[in-house]
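Inside the fold
Now for the letters of each chain:
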Amino acid sequence: MLIYFPVCNAQPSLSDSLPNYPLQIDLPLLDLPFQRDASRTGELFDSYSMQQALAVTQNLHRVNYHFNNKLWHRILRPDTKRKQIYNRIAANVTSGLVDYVFTYYGVVLSPQWMHEEFHRAGLTIRGIRSYDETYNRFNGGFANGSVSRVKDEDLVRLKKEAPQELVRSFAAGIESEFLLLRGLQKDNFYSGSRHANIALNILLTRHAIDYVNQFKQEGYNASIDSMNAHGLTVADRDFVGWDFTPWVYDLHRPDEPYEARGTHPSGVGIDRAIKTSKLTNEEYRYLEKMGRMQYLNFLSPFMIGINRIRLNEQTAFNFAVRHYPNSFGYDLSADFFIDHREKQYLISLHGYRNKHRLLPGIEVERSPYAFHNIGKKRLLLQPSALLWLQPRDFYDRKATPGGLLRLQGSYLLGKTWRVVAIAEGKTKGWVAGNPYLDAKFGFRLGISASFDSDGKRATVLL
């Protein structure tokens, strides 16, 4: 439902009510150094980078919204204010039903698949092989949200060599879900895509809240007993169990050997899943706090379909709050979407928090600079930067400065297709959507296509 605040003087004209519904498809075909690491792990064609998984799932949701919008534009043409409202309600209902079926019954390439691929990325870069069980949809097995076929000795090594990477891999699943919502919000604000995604906003945000708070359910420990009874062989076991009791356990115990968890109830292997009975009072209270903070993810007009708040003829804005559990505690961020005088910006303020300190960060993206070739805008360069002070781990009392610089270049092959290349360099530190905690230079190359888009949309913030 597209809503305009009366105080913003933003009532749409009749011509505005008969829009195109822009559709963008992004395919990052090459992602280095991740694919080099995946090749060394033996999973070049079986493990996808965070950005590749995110792009695939976002594309499929984009297609859903695009064709539902086109369908309801034919059935209920939004040429009056009343029809606009009915049109948006109908599009959100049918798009939401498709999203629900895709996520919980289609599974493969859905947010559930993407969630597991984000888990796996942290294992892949450390040479640890794994399996995404959503692929069981193809072989008749139970296509649950689980990462299996991980060896105990690999988890022992990961905890010993890089305990923060282990912790981050546990929390990376819901990180993916908030990045998906962020990407769709960028589509709606900057490109005017009008995605009818209210149901997905609520579905994924509610899932994240319930998942972090799952440990408080009466049957939580019993569910772990059931999980352990199923995982009689090491290969069958999920690499983490339920995500957030292990996350808070290892976050607070970076120096405890992984094998200190004890023996699996079957008598074979290490007891991976963490019951609430294994948590200290401090760990339990911290996880309670994280569960409460997850509700902050609802703080955004996007949640109820307000995609753009117009202040005047030259300026529009929107905002969204996000809470990411991560390798040292959490990041509480606020995204500010700005369109001013035909230039677009995304400014994000970050608060990085561990046990002892709250430290700042700021992220800025700007709409592309356009360069002409043979009289046409062909080359687009979009810069972005992220600067921070971050702790290294949960107990670190120091503030370590760092940052990330990214330059995204697009070469337009015509009205539809473009080649996209992204160069990115970062110092040590955590960044949502980047699996590396170490300093790293990365390069992505892919293609992008825009449909039902007028020429003016070529230079929107990507």
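Structural data are supplied above this passage.
Residues numbered from 1 in each chain as written. Predicted model: local features only at pLDDT ≥ 70, side-chain atom pairs only at ≥ 80, totals over all residues. Heavy atoms only, no water.

**Remarks on the nonpolar core**
If you look at the biggest cluster of nonpolar residues, it comprises 70 residues, and the most contacted ones within it are Leu200, Phe239, Phe244, Trp247, Tyr286, Leu287 and Met290. Take this core: its biggest share by element is 11 residues, from helix H6 (residues 163-191). If we ignore the near neighbours within four places in the chain, the residues touching Tyr286 are Trp247, Val248, Leu251, His252, Gly329, Tyr330 and Phe394. Grouped together as the second largest cluster of nonpolar side chains are eight residues, Phe189, Tyr190, Ala316 and Ala320 included. (Core = buried A, V, L, I, M, F, W, Y, C linked by side-chain atoms within 4.5 Å. Buried < 20%, exposed > 50% of the residue type's maximum accessible area, 1.4 Å probe, protein only. Helix = DSSP H or I, 4+ residues; strand = E, 2+ residues; numbered from the N terminus. Contact = heavy atoms within 4.5 Å.)

**Let's talk about the environment of Tyr345**
Inspection of the secondary structure puts Tyr345 in strand S7 (residues 343-353). Of the residues examined, Tyr345 reaches a relative accessible area of 25% and is grouped as partly exposed. For the pair Tyr345 and Phe317, spaced 28 residues apart in sequence, the C-alpha separation works out to 9.5 Å. With near-sequence residues (within four places) excluded, Tyr345 lies in contact with Tyr190, Phe336, Phe337, Ile338, Glu365, Arg366 and Leu461.

**A look at the packing of helix H2 (residues 50-75) against H6**
The geometry of H2 relative to H6 is characterised by a closest axis approach of 10 Å and an angle of 40° between their N-to-C directions. For the element pair H2 / H6, the angle class is oblique. As for how H2 packs across H6, the hand of that crossing is right-handed. Here Met50, Leu54, Thr57, Gln58, His61, Arg62 and Tyr65 of H2 come into contact with H6, specifically with Arg168, Ala172, Glu175, Ser176, Leu179, Leu180, Gly183, Leu184 and Asp187. Here the contact of H2 with H6 is built from residues that sort into seven nonpolar, five polar and four charged. (Axes fitted to C-alpha atoms, helices over the stretch in contact; angles between N-to-C directions. Parallel < 35°, antiparallel > 145°, perpendicular 65-115°, else oblique. Left-handed = near helix turned anticlockwise from the far one by under 90°. Nonpolar A, V, L, I, M, F, W, Y, C, P; charged D, E, K, R; others polar.)

**So, the layout of surface pockets**
As a volume, the second largest pocket reaches approximately 890 Å³. As for the second largest pocket, its lining consists of 41 residues, and the residues nearest its centre are Asn144, Gly145, Ser146, Tyr211 and Trp242. Only helix H3 (81-106), helix H4 (111-124), helix H7 (198-212) and helix H8 (220-230) provide two or more residues apiece to the lining of the second largest pocket. In terms of residue class, the lining of the second largest pocket is made up of 13 nonpolar, 18 polar and 10 charged. (1 Å grid on protein atoms, 1.4 Å probe; cavity = no way out; pocket = protein on both sides within 12 Å on 5 of 7 lines; lining within 4 Å. Points joined across faces, edges and corners; volume = space filled by probe spheres on them.)

**Regarding the pairing of strand S12 (residues 417-426)**
Side chains of S12 alternate between two faces, with Arg418, Val420, Ile422, Glu424 and Lys426 buried and Trp417, Val419, Ala421, Ala423 and Gly425 left unburied. Pairing geometry for strand S11 (residues 400-412) and S12, over nine bridges, is antiparallel. Bridged to Gln408 within S12 is Ile422. Linking S11 back to S12 in an antiparallel pair, the connection comprises four residues. (Pairing = 2+ DSSP bridges.)

**A closer look at the environment of Tyr395**
Its place among the elements puts Tyr395 in the loop between strand S10 (376-390) and S11. Here Tyr395 is in contact with Leu251, His252, Pro254, Asn354, Lys355 and His356, once residues within four sequence places are set aside.

**Concerning the packing of aromatic side chains**
Evaluated as defined, the whole model comprises 21 aromatic pairs. Aromatic pair Phe178 and Tyr324: ring centres 6.1 Å apart, planes at 85°, arrangement edge-to-face. Taken together, the residues span a long stretch of sequence, with Phe178 in helix H6 and Tyr324 in strand S5 (residues 315-325) at a distance of 146 residues. This pair shows no difference in class: Phe178 is buried, exactly as Tyr324 is. Where Tyr324 meets Trp430, the ring centres are 5.8 Å apart and the plane angle is 55°; that geometry is what we call tilted. Here Tyr324, found in strand S5, pairs with Trp430, found in the loop between S12 and strand S13 (440-451); they are 106 residues apart in sequence, far enough to count as distant. Among the aromatic side chains, those forming a connected cluster through ring pairs are Tyr211, Trp242, Phe244, Trp247, Tyr286, Phe394 and Tyr395. Here the basic side chain of Arg308 rests over the ring of Phe189, its NZ or CZ set 4.7 Å away from the ring centre. (Phe/Tyr/Trp six-rings, centres within 6.5 Å; stacked < 30°, edge-to-face > 60°. Lys NZ or Arg CZ within 6 Å of the ring centre and 35° of its normal.)

**Things to note about empty space enclosed by the protein**
Scanning the model with the defined rule gives four cavities of 30 Å³ or more in all. The calculated volume of the second largest cavity comes to roughly 90 Å³. If you go around the second largest cavity, you meet 11 residues; those closest to its centre are Pro22, Gln24, Ser191, Ser450 and Ser453. Classifying every residue of the lining of the second largest cavity by side-chain character gives four nonpolar, five polar and two charged.

**Some words on the side chain of Glu43**
In this fold, Glu43 is placed in the loop between helix H1 (34-41) and H2. When residues no more than four places from it in sequence are discounted, the contact partners of Glu43 are Ala38, Arg120, Thr124, Ile128, Arg129 and Ser130.

**A word on the pattern of salt bridges**
Applying the stated criterion to the full structure yields 29 salt bridges. Close ionic contact of Asp152 with Arg272 constitutes a salt bridge, the shortest N to O distance being 2.9 Å. One end of the pair, Asp152, is in helix H5 (residues 152-161); the other, Arg272, is in the loop between helix H9 (244-252) and helix H10 (281-293), and 120 residues separate them in sequence. In this structure, the salt-bridge partner of Lys278 is Asp271, at a minimum N-O distance of 3.4 Å. According to the relative accessible area criterion, Asp271 is buried, its value standing at 11%. (Salt bridge = Lys/Arg side-chain N within 4 Å of Asp/Glu carboxyl O.)

**Details of unusual backbone geometry**
Going from Leu32 to Pro33, the amide bond is cis rather than trans, its omega being 10°. For Pro33, the location among the structural elements is in the loop between strand S1 (23-32) and H1. With a phi close to 65°, Glu342 is a non-glycine residue in the positive phi region. Among the structural elements, Glu342 can be located in the loop between strand S6 (330-340) and S7.

That is the geometry; function is a separate question.
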